Amino acid sequence: MENWEKDPALYSQTGSFRQIMEIIPHEDEKIQGLCYYKDRTPYLKLNLEHGAQVQLQVREKVFFLKEKQRGIYECAVPLSPGFYPARILINGVLTICPYLGITLEDNRPVNYLEIGPLPKWLQCREVPHGDVRHEIYRSKVTGRAEPCLVYTPSEYEKSGKEYPVLYLQHGNGENERSWIWNGKLNFLMDNLLAEKKAVPMVIVMSNGMTVLEKEGKYRLYKALFTEQLVKDVIPYIEEKYRVKNDREFRAMAGLSMGSKQTSITVISHMELFAWAGLFSGFMDDFLDDYYNEHLKKLVRDKDIFNRDMRLFFRGIGTEDEGLRYFYENDKFCEKYGIRTYRKLYRGGHDWNVWRRAAFDFLQMVFQIKE
């Protein structure tokens, strides 16, 4: 077990970009939010009006906060370490709590719990830290100003070198900030680079919830992101950042919805990408407005794919509700002789799996053996 006293950041609640807090003592009545008892059991404490009815919903579990003393509500939250979207209901009304982390899920703000201890590879450690830059580009595809975040390694400003580039996508109902807020991608990459386990790279995180305006109404066209990435994002990044523009040094990865976008984009544009990562990881569409013409192309060009694709990474949790679709993709790859790398993780369709998948993928991408 990690040492509680020496490294309080292991057990900290993290909200947005606030990454380190001191351990919250049980005796301090002024502190609210996610706390820990002396035996390291996490608990939630809130200061509310006397007589309120308070519930905490975490996935399928419901916890009832009890009024320990006037206006001070508590409940133990005996969950394993990890990231958990959470909903708080006060007198039956869904509420956003300012004393917990806030993120985006299902296209709306929600609270989350970050239960410690964090694994070392996700901690904000005393290593050189890269930058996370917020960019705005003009999209010819959507006709709108669009956002993306760009991670650059700590050496970027002074090195003068060109870097490989990874285009990394979020899931349905999330946005370009999710890999930083939920995935702690910047700290993950900082730690891998400090231990020389990954190749220094630029990582671009774009908003994949592509929206078009038609007849005065806005509509979601997630399948349009391939065109937006190729026509707008890549040219913008290659003009502004020192990135290599050869397919051998360009990768794409994504989780859930982002895995479908990755599969469609990479297979449709094998001339642009040599590396791909699918986390909770589907090659085709079974829910949304995508198309599967790319799989027909993959079958036709399977020899080119197997020859030129350096890595086609597929990972998923063993309790993921989409696991049967993953297995169907296994059968598809076996039937047509498509070369992939696959890995199963313990867990469901959640960030605890996607963090570990990214941890593995980032140590494999751009590792070119001469």
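The protein chain carries the name Enterochelin esterase in an unreviewed UniProt entry, which gives Candidatus Blautia stercoripullorum as its organism.

1. Here's the deal with the overall build of the protein chain
From N to C terminus, the protein chain includes 9 helices and 19 strands. For the protein chain, the proportion of its 370 residues judged to be buried stands at 56%. Restricting the contact set of the protein chain to residue pairs at least 6 apart, pairs at least 24 apart contribute 68%. Counting every atom, the protein chain has about 17300 Å² of accessible surface; 49% of that belongs to carbon and sulfur.

2. So, the packing of aromatic side chains
All chains considered together, the criterion is met by 17 aromatic pairs. With a centroid separation of 4.0 Å and 15 degrees between ring planes, the pair formed by Tyr37 and Tyr43 is classed as stacked. Judged by relative accessible area, Tyr43 falls into the buried class, the value being 0%. Pairing Trp275 with Phe366 gives two aromatic rings, centres 5.8 Å apart and planes at 65 degrees, and the pair type is edge-to-face. Of this pair, Trp275 sits in strand S17 (residues 275-279) while Phe366 sits in the segment after helix H9 (351-362), and the two are 91 residues apart along the sequence. Across the pair, exposure class does not vary: Trp275 and Phe366 are buried alike. Every member of this aromatic cluster is reached through a ring pair, and the members are Trp179, Phe279, Phe313, Tyr341, Trp351, Trp354 and Phe361. Just above the ring of Tyr156 sits the side chain of Arg242; from NZ or CZ to the centre is 4.1 Å. Here the guanidinium or amino end of Lys244 rests over the ring plane of Phe249, the centre of that ring lying 4.2 Å away.

3. Examining the pairing of strand S8 (residues 101-105)
Across 5 bridges, S8 lies against strand S9 (residues 108-115) in antiparallel orientation. Opposite Thr103, over in S9, you have Val110 as the bridge partner. Taking the residues between adjacent antiparallel strands as the criterion, S8 and S9 are bridged by 2 residues, where Asp106 takes a positive phi near 55 degrees.

4. Overview of the pattern of salt bridges
Under the criterion given, the structure shown has 24 salt bridges. In this structure, Asp350 engages Arg59 in a salt bridge whose closest nitrogen and oxygen atoms are separated by 2.9 Å. A residue pair is termed long-range when its members are at least 10 positions apart, and Asp350 in the loop between strand S19 (341-345) and H9 and Arg59 in the loop between strand S3 (54-58) and strand S4 (61-69) qualify at 291 residues. For Arg59, a relative accessible area of 45% gives the class partly exposed. Among the salt bridges present, the one from Arg144 reaches Glu146, with a minimum N-O distance of 3.5 Å. Look at Arg144 and you get partly exposed, because its relative accessible area is 30%. Owing to a relative accessible area of 6%, Glu146 belongs among the buried residues under this scheme. Connected through shared salt-bridge partners, Arg87, Glu105 and Asp106 make up one network.

5. A short note on helix H4 (residues 225-240)
Of all the bends in H4, the largest measures some 30 degrees and sits at Val233, one to four residues before the proline Pro235. Those residues of H4 lying buried are Phe225, Thr226, Gln228, Leu229, Asp232, Val233, Ile234, Tyr236 and Ile237. On its buried side, H4 packs onto strand S10 (131-138), strand S11 (145-152), strand S12 (165-169), strand S13 (202-206), strand S16 (250-255) and helix H5 (257-268).

6. Topic: the side chain of Glu248
Mapped onto the elements of the fold, Glu248 is located in the loop between H4 and S16. Exposure remark for Glu248: the relative accessible area of 19% places this residue in the buried category. Among the polar contacts listed, one links the side chain of Glu248 to the side chain of Arg310, at a separation of 2.8 Å. Apart from the residues lying within four places of it in its own chain, the contact partners of Glu248 are Ala274, Trp275, Arg310, Phe366 and Ile368.

About the thresholds
Residues numbered from 1 in each chain as written. Predicted model: local features only at pLDDT ≥ 70, side-chain atom pairs only at ≥ 80, totals over all residues. Heavy atoms only, no water. Helix = DSSP H or I, 4+ residues; strand = E, 2+ residues; numbered from the N terminus. Buried < 20%, exposed > 50% of the residue type's maximum accessible area, 1.4 Å probe, protein only. Contact = heavy atoms within 4.5 Å. Areas by Shrake-Rupley, 256 points an atom, 1.4 Å probe, with all protein chains shown as cover. Phe/Tyr/Trp six-rings, centres within 6.5 Å; stacked < 30°, edge-to-face > 60°. Lys NZ or Arg CZ within 6 Å of the ring centre and 35° of its normal. Pairing = 2+ DSSP bridges. Salt bridge = Lys/Arg side-chain N within 4 Å of Asp/Glu carboxyl O. Bend = angle between axes of the 7 residues up to and from the residue. Polar contact = N/O pair within 3.5 Å; in protein donor to acceptor, adjacent residues only side chain to side chain.

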